[in-house]
Amino acid sequence: MVRSYDALAPVYDKFFRPAYPDSVIRLLEHKASCCHDTWALDLGCGTCGSSRIMTRLGYKVVGLDLSFEMLKQALPVIDEALFLVCGDMRAFGFRKAFDVITCLNHGISYVTQDCEVEEVLSRIVSHLNAGGMFCFDILTRPTDYDHCGQSHMIKGEEYLLMWKENVERDQYVVELACLKKGPNGEWEAVREVHRQRFGTARHYAELAMNVGFQKVRHLRGSTVQGSGTVHLAAFR
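Residues numbered from 1 in each chain as written. Predicted model: local features only at pLDDT ≥ 70, side-chain atom pairs only at ≥ 80, totals over all residues. Heavy atoms only, no water.

J.: Is there a simple way to think about helix α5 (residues 114-126) in this case?
T.: Each α-helix winds once per 3.6 residues, and so residues spaced three or four apart point in a common direction. With 13 residues, α5 extends 18 Å between its outermost C-alpha atoms, agreeing within 8% with the 18 Å of an ideal straight helix rising 1.5 Å per residue. The inward-facing, buried residues of α5 contact β1 (39-43), β4 (98-103), β5 (128-139), β9 (187-197) and α6 (201-210). (Helix = DSSP H or I, 4+ residues; strand = E, 2+ residues; numbered from the N terminus. Expected span 1.5 Å × (residues − 1). Contact = heavy atoms within 4.5 Å.)

Here's what the structure looks like:
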């Protein structure tokens, strides 16, 4: 997964940066107002779109992502409140605890087995202060299938990106091919298959409660109609 995101990094913000629903922004804003010197950990932060929203709300943020090239895209615009770490959200470890941890843009849906999801959630709850919050979104089975089975292409002077979306049983599958011009003018090719698991809010809530979260809240009004995206907040 990391190699293709490295290839996507220069065009990610232009074509793929998601919008975050008002309910998520309001919740993050409220949490920031309740604490002094609030720290957040943004898992799978990518080019740091969500991380920068939180710094504007007054958080100090650690952004963690597996792709170094994605993190590099954020370097020109980061400030003293944002700290970047290249690492895997399935294996992170910090000496400090956080008031808020986020994992947006379906990041946790890339973890496709329940046992691995519980390991990630257990790691997250152990890094939260008492009363801390984990805000994340999941991919539920979409009601809009119009785009599935179709092929797409984006072309630029230094890249060619092609992908096809499909639904297979309980997974959303993207077959991706990317051509990118290297530093010496040669073209580099990346072909990969990305798999994200469909889930339900109830199932993820049960997994979160299994590892020590006290409450899980479905953020009403945050669901992107037809897309299958659902936002949740779990509290320690």
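On we go from here.
J.: So what exactly am I meant to see when it comes to the pattern of salt bridges here?
T.: One side chain can pair with another of opposite charge once the charged atoms of both are near each other. By the definition in use, this model includes six salt bridges. In this structure, aspartate 37 engages lysine 60 in a salt bridge whose closest nitrogen and oxygen atoms are separated by 2.8 Å. With aspartate 37 in the loop between α2 (22-34) and β1 and lysine 60 in strand β2 (residues 60-65), this pair connects stretches of sequence that are 23 residues apart. Its salt-bridge partner being arginine 197, residue aspartate 114 comes within 2.6 Å of it at the nearest N-O pair. Placement of the pair is aspartate 114 in helix α5 and arginine 197 in strand β9, with a sequence separation of 83 residues. (Salt bridge = Lys/Arg side-chain N within 4 Å of Asp/Glu carboxyl O.)

J.: How should I be thinking about the packing of α5 against α6 in this particular structure?
T.: To characterise two packed helices, one gives the angle between the axes of the helices and the distance between these axes. In the contact formed by α5 and α6, the axes pass within 9 Å of each other and the chain directions differ by 55 degrees. One way to sum up the angle between α5 and α6 is to call them oblique. For α5 against α6, the interelement crossing comes out right-handed. Of the residues in α6, those in contact with Asp114, Val117, Glu118 and Leu121 of α5 are His203, Tyr204, Leu207, Ala208 and Asn210. (Axes fitted to C-alpha atoms, helices over the stretch in contact; angles between N-to-C directions. Parallel < 35°, antiparallel > 145°, perpendicular 65-115°, else oblique. Left-handed = near helix turned anticlockwise from the far one by under 90°.)

J.: Quick question: what am I supposed to make of the packing of aromatic side chains here?
T.: Here the distance between the centres and the angle between the planes together describe a pair of aromatic rings. Going through the model one piece at a time under the given rule, you end up with six aromatic pairs. Aromatic pair phenylalanine 94 and phenylalanine 98: ring centres 5.8 Å apart, planes at 85 degrees, arrangement edge-to-face. With 4.5 Å between their ring centres and 5 degrees between their planes, phenylalanine 134 and phenylalanine 136 make a pair best called stacked. For the pair phenylalanine 134 and phenylalanine 136, a shared accessibility class is recorded, and that class is buried. Among the aromatic residues, those joined into a ring-pair cluster are Phe134, Phe136, Tyr204 and Phe213. Here the basic side chain of lysine 96 rests over the ring of tryptophan 39, its NZ or CZ set 4.7 Å away from the ring centre. (Phe/Tyr/Trp six-rings, centres within 6.5 Å; stacked < 30°, edge-to-face > 60°. Buried < 20%, exposed > 50% of the residue type's maximum accessible area, 1.4 Å probe, protein only. Lys NZ or Arg CZ within 6 Å of the ring centre and 35° of its normal.)

J.: Just to check I follow, could you spell out the environment of phenylalanine 94 for this structure?
T.: Along the chain, phenylalanine 94 falls in the loop between β3 (82-86) and β4. Separated by 58 residues in the primary sequence, phenylalanine 94 and histidine 152 place their C-alpha atoms 40 Å from one another.

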